Amino acid sequence: MRRIGGIRGITVAALLAVTGCSGSTGPEPAPDTGTRTVKFSIAEGKRTAGPEEVAVRTGENVALEVTSDQADELHVHGYDKAAQLAPGVPGTVAFTANIDGIFEVELHKSGAAVTKLRVGG
């Protein structure tokens, strides 16, 4: 009898340890908004932060956020999406990437290349 009680006690302790660990004590993760946001910085007409190419799947929601040191217009070729940029203030172009291909993303006034958007699959 003593042995069965000991095994039962160990089993109960193990179950409590497992179920006790299943709760989260930290902050909850942010909910998925369903939009992939990629951030860029442009200074003196050159990209200083952000990837050279952004690859997304067809149908994926994308937001390209650009901060420039000069007033300009952010433009996504092929999608004809644009946003006006004020110096130091992030501007965002958000859309559903539903056209396959490779598209230039640039600043019109300065001609600065922001990135290439690759959509497929």
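Residues numbered from 1 in each chain as written. Predicted model: local features only at pLDDT ≥ 70, side-chain atom pairs only at ≥ 80, totals over all residues. Heavy atoms only, no water.

Run through the overall build of the chain, naming residues and quoting values.
Helix and strand content of the chain: 1 helix and 9 strands. When each of the 121 residues of the chain is scored for burial, the buried share is 25%. The long-range fraction of contacts in the chain, counting pairs at least 24 apart against all pairs at least 6 apart in sequence, stands at 57%. Accessible area of the chain: about 7,800 Å², with a carbon and sulfur share of 55%. (Helix = DSSP H or I, 4+ residues; strand = E, 2+ residues; numbered from the N terminus. Buried < 20%, exposed > 50% of the residue type's maximum accessible area, 1.4 Å probe, protein only. Contact = heavy atoms within 4.5 Å. Areas by Shrake-Rupley, 256 points an atom, 1.4 Å probe, with all protein chains shown as cover.)

Which residues make up empty space enclosed by the protein, and what values do they have?
Inspection of every chain in the model, using the stated rule, returns 1 cavity of 30 Å³ or more. Class assignment for the residues of the lining of the largest cavity results in 2 nonpolar, 4 polar and 2 charged. (1 Å grid on protein atoms, 1.4 Å probe; cavity = no way out; pocket = protein on both sides within 12 Å on 5 of 7 lines; lining within 4 Å. Points joined across faces, edges and corners; volume = space filled by probe spheres on them. Nonpolar A, V, L, I, M, F, W, Y, C, P; charged D, E, K, R; others polar.)

Account for the side chain of E65, with residues named and values stated.
Secondary-structure assignment places E65 in strand β4 (residues 60–68). For the buried E65, no salt bridge is present, and the opposite-charge side chain at shortest range is K39, 4.0 Å distant. Discounting chain neighbours no more than four positions away, the residues touching E65 are V38, K39, F40, P90, G91 and T92. (Lys, Arg positive; Asp, Glu negative; His and termini not counted. Salt bridge = Lys/Arg side-chain N within 4 Å of Asp/Glu carboxyl O.)

Tell me about the environment of H75, residues and numbers included.
Tracing the sequence through the fold places H75 in strand β5 (residues 72–76). Residues H75 and V105 lie 30 residues apart in sequence; the distance between their C-alpha atoms is 5.7 Å. Discounting chain neighbours no more than four positions away, the residues touching H75 are D80, K81, A82, E104, V105, E106 and H108. A distance of 3.2 Å separates polar atoms of two side chains, one belonging to H75 and the other to H108. (Polar contact = N/O pair within 3.5 Å; in protein donor to acceptor, adjacent residues only side chain to side chain.)

Go over the sheet that holds β4 with me, naming the residues and quoting the values.
Read from one edge of the open sheet, 4 strands run β2-β1-β4-β7, paired in mixed fashion. Each end of this open sheet is capped by a strand with a single partner; those strands are β2 (46–49) and β7 (91–97). Strand-to-strand twist across the sheet, computed as the mean angle between neighbouring axes with direction ignored, equals 30°. Pairing of strand β1 (residues 35–43) with β2, which is carried by 3 bridges, proceeds in the antiparallel orientation. If you follow S41 over to β2, its bridge partner there is A49. (Pairing = 2+ DSSP bridges. Axes fitted to C-alpha atoms, helices over the stretch in contact; angles between N-to-C directions.)

Please set out the confidence of the model for the chain residue by residue, giving values where relevant.
Of all residues in the chain, 73% have pLDDT values of 70 or greater, and the mean over the chain is 82. Overall, residues 8–31 carries pLDDT values under 50, and its contacts beyond four positions in sequence, including any with other chains, amount to 0 contacts. (pLDDT = per-residue confidence, 0-100.)

Requested: an account of the packing of aromatic side chains, with residues and values cited.
Within this structure, the stated rule accounts for 2 aromatic pairs. Arranged with centres 4.8 Å apart and planes meeting at 40°, the rings of Y79 and F95 form a pair that is tilted. With a gap of 16 residues between them, Y79 in the loop between β5 and β6 (81–85) and F95 in strand β7 connect regions that are remote in the sequence. Classification of Y79 by relative accessible area gives buried; the value is 10%. Taken together, a centroid distance of 5.0 Å and an interplanar angle of 70° make the contact between Y79 and F103 edge-to-face. Highlighted residues: Y79 in the loop between β5 and β6 and F103 in strand β8 (residues 101–107), separated in sequence by 24 residues. With respect to burial, Y79 and F103 carry one shared label: buried. Taken together, the ring pairs connect Y79, F95 and F103 into an aromatic cluster. (Phe/Tyr/Trp six-rings, centres within 6.5 Å; stacked < 30°, edge-to-face > 60°.)

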